[in-house]
Amino acid sequence: MATQVEPKIAPSMLSSDFANLASEADRMVNFGADWLHMDIMDGHFVPNLTIGAPVIESLRKHTKAYLDCHLMVTNPLDYVDQLGKAGASGFTFHVEVSKDNWQELVKRIKSKGMRPGVALKPGTAVEEVYPLLEGENPVEMVLVMTVEPGFGGQKFMPDMMDKVRTLREKYPTLDIEVDGGLGPSTIDVAAAAGANCIVAGSSVFGAQEPAQVISLLRASVNMARITG
Ligand SMILES: O=C(CO)[C@H](O)[C@H](O)COP(=O)(O)O
Ligand SMILES: [Fe+2]
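On a predicted model such as this, the values are computed, not experimentally measured, just so you know.

Looking only at helices and strands, one finds nine helices and eight strands in the protein chain. The C-alpha atoms of the protein chain give 16 Å as radius of gyration, which agrees with the globular expectation for 228 residues (17 Å, within 12%). Along the first, second and third principal axes, the C-alpha set of the protein chain runs to 40 × 40 × 30 Å. By the burial criterion, 54% of the 228 residues in the protein chain qualify as buried. Across the protein chain, every contact between residues at least 6 apart in sequence was considered, and the portion connecting residues at least 24 apart equals 69%. Total accessible area on the protein chain is roughly 9,800 Å²; 50% of this is exposed by carbon and sulfur atoms. Between the centroid of the 20 positive side chains of the protein chain and the centroid of its 28 negative side chains there is a distance of 4 Å.

What follows is about the packing of aromatic side chains. If you walk through the whole model with that rule in mind, you get two aromatic pairs. Aromatic pair W35 and Y66: ring centres 4.5 Å apart, planes at 20 degrees, arrangement stacked. With W35 in strand β2 (residues 35–41) and Y66 in strand β3 (residues 66–72), this pair connects stretches of sequence that are 31 residues apart. Its guanidinium or amino end placed over the ring of F45, K121 lies 5.1 Å from that ring's centre, counting from NZ or CZ. Directly above the aromatic system of Y130 lies the positively charged group of K170, at a separation of 4.6 Å from the ring centroid.

Another aspect to go through is the sheet that holds strand β6 (residues 141–145). Ordered by their spatial adjacency, eight strands build an open sheet running β1-β8-β7-β6-β5-β4-β3-β2, and the pairing between neighbours is parallel. Of all strands in the sheet, those bounded by a partner on one side alone are β1 (8–11) and β2. Between one strand axis and the next, the sheet turns through 20 degrees on average, direction left out of account. The strands touched by helix α2 (residues 53–60) are β2 and β3; relative to β3, the strand with the most contacts, the crossing angle is about 175 degrees. Where helix α3 (residues 77–86) meets the sheet, its contacts fall on β2, β3 and β4 (90–94), and the angle it forms with β4 comes to roughly 170 degrees.

Geometry reference: four tetrahedral donors at a metal, ideal angle 109.5 degrees. Six octahedral donors, ideal angles 90 or 180 degrees. Summarising the metal site, the iron ion (ligand 2) is bound by the protein donors H37 (NE2), D39 (OD), H70 (ND1) and D179 (OD), whose distances to it range over 2.1 to 2.3 Å. Coordination at the iron ion (ligand 2) is octahedral: its six donor atoms span angles of 70 to 174 degrees at the metal. Look at where the donors of the iron ion (ligand 2) fall in the sequence and you get H-x1-D-x30-H-x108-D. According to the relative accessible area criterion, H37 is buried, its value standing at 0%. Taking the relative accessible area as the measure of exposure, D39 reaches 6% and is therefore buried.

For the rest of this paragraph, the subject is the nonpolar core. Of all hydrophobic cores here, the largest spans 65 residues; its most connected members are M38, I56, F93 and L167. Other than its neighbours up to four places away in sequence, L167 contacts V126, V129, Y130, L133, V142, V144 and I176. Core analysis: the next-biggest nonpolar cluster, separate from the first, contains five residues, A10, W35, M141 and V199 among them.

Given 3.6 residues to a turn, an α-helix orients residues that are three or four positions apart in the same direction. For helix α9 (residues 210–227), with 18 residues, the first-to-last C-alpha span of 26 Å sits near the 26 Å given by 1.5 Å per residue. Within α9, the full set of buried residues consists of P210, V213, I214, L217, S220, V221, A224 and R225. In a view along the axis of α9, the buried residues occupy a sector of 140 degrees, so they form one face of it. Away from its buried face, by an angle of more than 90 degrees, α9 presents the exposed residues Q212, I226 and T227. On its buried face, α9 is in contact with β1, α1 (21–30), α7 (187–193), β8 (197–200) and α8 (202–205).

Quick notes on the rules
- Residues numbered from 1 in each chain as written.
- Chains lettered and ligands numbered in written order.
- Predicted model: local features only at pLDDT ≥ 70, side-chain atom pairs only at ≥ 80, totals over all residues.
- Heavy atoms only, no water.
- Helix = DSSP H or I, 4+ residues; strand = E, 2+ residues; numbered from the N terminus.
- Rg over C-alpha atoms; globule rule 2.2 N^0.38 Å.
- Buried < 20%, exposed > 50% of the residue type's maximum accessible area, 1.4 Å probe, protein only.
- Contact = heavy atoms within 4.5 Å.
- Areas by Shrake-Rupley, 256 points an atom, 1.4 Å probe, with all protein chains shown as cover.
- Lys, Arg positive; Asp, Glu negative; His and termini not counted.
- Charge placed at Lys NZ, Arg CZ, Asp CG, Glu CD.
- Phe/Tyr/Trp six-rings, centres within 6.5 Å; stacked < 30°, edge-to-face > 60°.
- Lys NZ or Arg CZ within 6 Å of the ring centre and 35° of its normal.
- Pairing = 2+ DSSP bridges.
- Axes fitted to C-alpha atoms, helices over the stretch in contact; angles between N-to-C directions.
- Donors = N, O, S within 2.8 Å, 3.2 Å for Na, K, Ca; no water.
- Tetrahedral: all angles 85-135°; square planar, octahedral: opposite > 155°, others 65-115°.
- Core = buried A, V, L, I, M, F, W, Y, C linked by side-chain atoms within 4.5 Å.
- Expected span 1.5 Å × (residues − 1).
- Arc of directions from axis to C-beta.

This is the structure:
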(Lines give C-alpha, C1' and ligand atoms only; values in the text may rest on other atoms or scores of the structure.)
(Ligands and ions follow the chains in the order given, each with its own letter.)
Protein backbone atom coordinates (compact mmCIF):
# COMPACT_ATOMS: atom_id res chain seq x y z
CA MET A 1 0.00 0.00 0.00
CA ALA A 2 1.11 3.59 -0.63
CA THR A 3 3.06 5.29 2.13
CA GLN A 4 4.04 8.86 2.86
CA VAL A 5 7.17 7.84 4.72
CA GLU A 6 10.67 8.26 3.30
CA PRO A 7 12.86 5.29 2.40
CA LYS A 8 15.82 4.69 4.72
CA ILE A 9 18.34 2.20 3.47
CA ALA A 10 20.44 0.82 6.30
CA PRO A 11 23.32 -1.54 5.52
CA SER A 12 23.88 -3.88 8.45
CA MET A 13 27.45 -3.45 9.65
CA LEU A 14 27.25 -7.02 10.98
CA SER A 15 28.37 -8.04 7.49
CA SER A 16 31.25 -5.54 7.39
CA ASP A 17 34.92 -6.13 8.16
CA PHE A 18 34.86 -5.21 11.87
CA ALA A 19 38.64 -4.68 11.78
CA ASN A 20 38.04 -1.76 9.40
CA LEU A 21 34.74 -0.46 10.73
CA ALA A 22 35.38 3.26 10.13
CA SER A 23 36.33 2.82 6.48
CA GLU A 24 33.49 0.32 5.96
CA ALA A 25 31.06 2.91 7.35
CA ASP A 26 32.44 5.62 5.03
CA ARG A 27 32.20 3.26 2.10
CA MET A 28 28.50 2.61 2.81
CA VAL A 29 27.69 6.30 3.22
CA ASN A 30 29.46 7.04 -0.07
CA PHE A 31 27.47 4.26 -1.72
CA GLY A 32 24.24 6.03 -0.69
CA ALA A 33 23.29 4.52 2.69
CA ASP A 34 20.90 6.66 4.77
CA TRP A 35 21.57 4.88 8.05
CA LEU A 36 24.13 2.40 9.37
CA HIS A 37 22.46 -0.53 11.15
CA MET A 38 24.42 -1.64 14.23
CA ASP A 39 23.53 -5.06 15.65
CA ILE A 40 24.24 -5.17 19.38
CA MET A 41 24.01 -8.71 20.79
CA ASP A 42 24.73 -9.91 24.31
CA GLY A 43 25.19 -13.68 23.83
CA HIS A 44 22.10 -14.24 25.99
CA PHE A 45 19.02 -12.89 24.21
CA VAL A 46 20.57 -14.39 21.06
CA PRO A 47 23.32 -17.02 20.73
CA ASN A 48 25.86 -14.55 19.33
CA LEU A 49 28.00 -11.75 20.73
CA THR A 50 28.88 -8.67 18.71
CA ILE A 51 29.55 -5.06 19.69
CA GLY A 52 28.56 -2.63 22.42
CA ALA A 53 28.87 1.01 23.42
CA PRO A 54 32.71 1.20 23.22
CA VAL A 55 32.61 0.32 19.52
CA ILE A 56 29.77 2.80 18.86
CA GLU A 57 31.80 5.48 20.66
CA SER A 58 34.87 4.75 18.52
CA LEU A 59 32.86 4.73 15.31
CA ARG A 60 31.12 7.99 16.23
CA LYS A 61 34.52 9.74 16.17
CA HIS A 62 34.81 8.84 12.48
CA THR A 63 31.32 9.38 11.11
CA LYS A 64 28.34 11.69 11.40
CA ALA A 65 26.02 8.98 10.02
CA TYR A 66 22.77 8.00 11.74
CA LEU A 67 23.65 4.92 13.81
CA ASP A 68 20.53 2.73 13.90
CA CYS A 69 21.20 0.47 16.90
CA HIS A 70 19.29 -2.83 17.16
CA LEU A 71 19.56 -4.15 20.71
CA MET A 72 19.35 -7.94 20.81
CA VAL A 73 19.94 -8.00 24.56
CA THR A 74 18.02 -9.28 27.58
CA ASN A 75 18.29 -6.05 29.61
CA PRO A 76 18.04 -3.09 27.21
CA LEU A 77 17.67 -0.58 30.05
CA ASP A 78 21.26 -1.31 31.08
CA TYR A 79 22.49 -0.02 27.70
CA VAL A 80 20.61 3.28 27.39
CA ASP A 81 22.98 5.62 29.21
CA GLN A 82 26.16 4.19 27.71
CA LEU A 83 24.79 4.15 24.18
CA GLY A 84 23.45 7.68 24.49
CA LYS A 85 26.86 8.88 25.66
CA ALA A 86 28.56 6.89 22.90
CA GLY A 87 26.58 8.73 20.19
CA ALA A 88 23.97 6.22 19.08
CA SER A 89 21.12 7.76 17.04
CA GLY A 90 18.34 5.17 17.18
CA PHE A 91 17.78 2.70 20.02
CA THR A 92 15.54 -0.23 19.09
CA PHE A 93 14.83 -2.72 21.85
CA HIS A 94 12.92 -6.01 21.68
CA VAL A 95 9.32 -6.15 22.91
CA GLU A 96 9.84 -9.71 24.20
CA VAL A 97 12.10 -8.43 27.00
CA SER A 98 10.50 -5.08 27.78
CA LYS A 99 6.86 -5.77 28.60
CA ASP A 100 7.30 -4.53 32.18
CA ASN A 101 9.47 -1.48 31.63
CA TRP A 102 8.95 -0.14 28.11
CA GLN A 103 7.56 3.18 29.36
CA GLU A 104 10.65 3.85 31.44
CA LEU A 105 12.85 2.66 28.58
CA VAL A 106 11.26 5.01 26.03
CA LYS A 107 11.55 7.99 28.40
CA ARG A 108 15.20 7.25 29.13
CA ILE A 109 16.04 6.72 25.44
CA LYS A 110 14.48 10.09 24.52
CA SER A 111 16.13 11.86 27.44
CA LYS A 112 19.51 10.69 26.09
CA GLY A 113 18.72 12.20 22.67
CA MET A 114 18.06 8.93 20.87
CA ARG A 115 15.07 7.82 18.83
CA PRO A 116 13.18 4.88 20.36
CA GLY A 117 12.07 1.87 18.35
CA VAL A 118 10.65 -1.54 19.17
CA ALA A 119 11.54 -4.83 17.48
CA LEU A 120 9.65 -8.11 17.34
CA LYS A 121 10.88 -11.61 16.65
CA PRO A 122 9.19 -13.80 14.01
CA GLY A 123 7.19 -15.71 16.65
CA THR A 124 5.83 -12.58 18.34
CA ALA A 125 2.37 -11.31 17.40
CA VAL A 126 2.15 -7.81 15.97
CA GLU A 127 -0.48 -6.85 18.56
CA GLU A 128 2.26 -6.97 21.21
CA VAL A 129 3.66 -3.65 19.98
CA TYR A 130 0.36 -1.74 19.85
CA PRO A 131 0.56 -0.41 23.42
CA LEU A 132 4.01 1.03 22.66
CA LEU A 133 2.59 2.99 19.72
CA GLU A 134 -0.45 4.35 21.44
CA GLY A 135 0.71 5.58 24.80
CA GLU A 136 1.66 9.09 25.84
CA ASN A 137 5.29 8.42 24.96
CA PRO A 138 5.21 6.24 21.85
CA VAL A 139 8.10 4.57 20.07
CA GLU A 140 8.90 6.08 16.67
CA MET A 141 9.74 2.93 14.71
CA VAL A 142 8.77 -0.73 14.61
CA LEU A 143 11.38 -3.25 13.43
CA VAL A 144 9.79 -6.42 12.07
CA MET A 145 12.34 -9.25 12.13
CA THR A 146 12.23 -11.28 8.94
CA VAL A 147 14.71 -13.89 10.25
CA GLU A 148 15.35 -15.27 13.73
CA PRO A 149 17.63 -12.68 15.35
CA GLY A 150 21.27 -13.56 15.92
CA PHE A 151 23.01 -13.94 12.59
CA GLY A 152 23.31 -12.34 9.18
CA GLY A 153 22.95 -14.23 5.92
CA GLN A 154 19.68 -16.05 6.70
CA LYS A 155 16.66 -16.57 4.47
CA PHE A 156 13.92 -13.92 4.38
CA MET A 157 10.60 -15.06 5.91
CA PRO A 158 7.80 -13.78 3.61
CA ASP A 159 5.12 -14.72 6.16
CA MET A 160 6.22 -11.72 8.23
CA MET A 161 4.75 -9.38 5.63
CA ASP A 162 1.30 -9.77 7.18
CA LYS A 163 2.68 -7.91 10.22
CA VAL A 164 4.07 -5.14 8.02
CA ARG A 165 0.77 -4.76 6.14
CA THR A 166 -1.22 -4.66 9.37
CA LEU A 167 1.06 -2.01 10.86
CA ARG A 168 1.06 0.12 7.70
CA GLU A 169 -2.74 0.11 7.50
CA LYS A 170 -3.05 1.11 11.14
CA TYR A 171 -0.15 3.61 11.21
CA PRO A 172 0.31 5.32 7.80
CA THR A 173 3.16 7.59 8.91
CA LEU A 174 5.09 5.13 11.08
CA ASP A 175 8.66 4.13 10.23
CA ILE A 176 8.48 0.36 9.65
CA GLU A 177 11.82 -1.40 9.38
CA VAL A 178 12.40 -4.90 8.06
CA ASP A 179 15.54 -6.79 9.01
CA GLY A 180 16.87 -10.09 7.77
CA GLY A 181 17.36 -11.55 4.30
CA LEU A 182 16.52 -8.34 2.43
CA GLY A 183 18.06 -7.88 -1.01
CA PRO A 184 17.15 -7.50 -4.67
CA SER A 185 15.08 -10.70 -4.70
CA THR A 186 13.01 -9.94 -1.59
CA ILE A 187 12.68 -6.15 -1.48
CA ASP A 188 9.60 -5.87 -3.69
CA VAL A 189 7.32 -7.86 -1.37
CA ALA A 190 8.60 -5.95 1.68
CA ALA A 191 8.13 -2.58 -0.01
CA ALA A 192 4.67 -3.52 -1.31
CA ALA A 193 3.65 -4.53 2.22
CA GLY A 194 4.61 -1.03 3.41
CA ALA A 195 8.12 -1.27 4.84
CA ASN A 196 10.17 1.90 4.37
CA CYS A 197 13.31 1.28 6.45
CA ILE A 198 15.32 -1.51 4.90
CA VAL A 199 18.18 -3.28 6.65
CA ALA A 200 20.44 -5.25 4.33
CA GLY A 201 23.69 -6.89 5.36
CA SER A 202 24.91 -9.77 3.23
CA SER A 203 23.16 -8.59 0.05
CA VAL A 204 24.95 -5.21 0.19
CA PHE A 205 28.36 -6.24 1.51
CA GLY A 206 28.45 -9.34 -0.69
CA ALA A 207 27.59 -7.45 -3.88
CA GLN A 208 30.09 -6.56 -6.57
CA GLU A 209 28.44 -3.13 -6.75
CA PRO A 210 26.96 -2.30 -3.33
CA ALA A 211 25.86 1.14 -4.56
CA GLN A 212 23.64 -0.50 -7.17
CA VAL A 213 21.99 -2.71 -4.54
CA ILE A 214 21.37 0.29 -2.27
CA SER A 215 19.83 2.25 -5.12
CA LEU A 216 17.68 -0.73 -6.18
CA LEU A 217 16.35 -1.09 -2.61
CA ARG A 218 15.51 2.62 -2.53
CA ALA A 219 13.83 2.49 -5.95
CA SER A 220 11.62 -0.40 -4.84
CA VAL A 221 10.44 1.48 -1.73
CA ASN A 222 9.82 4.60 -3.80
CA MET A 223 7.90 2.65 -6.42
CA ALA A 224 5.64 1.11 -3.76
CA ARG A 225 5.02 4.58 -2.31
CA ILE A 226 3.86 5.83 -5.71
CA THR A 227 1.84 2.86 -6.90
CA GLY A 228 0.45 1.86 -3.51
O1 LIG B 1 19.54 -8.25 13.15
C2 LIG B 1 20.20 -8.93 12.40
C3 LIG B 1 20.44 -10.36 12.72
O4 LIG B 1 19.88 -10.67 13.93
C5 LIG B 1 20.83 -8.33 11.16
O6 LIG B 1 20.56 -6.95 11.14
C7 LIG B 1 20.33 -8.99 9.88
O8 LIG B 1 20.42 -10.36 9.89
C9 LIG B 1 20.99 -8.40 8.65
O10 LIG B 1 21.73 -9.30 7.92
P11 LIG B 1 21.25 -9.94 6.53
O12 LIG B 1 20.77 -8.83 5.65
O13 LIG B 1 22.50 -10.61 6.02
O14 LIG B 1 20.15 -10.91 6.85
FE1 LIG C 1 19.46 -6.06 13.01
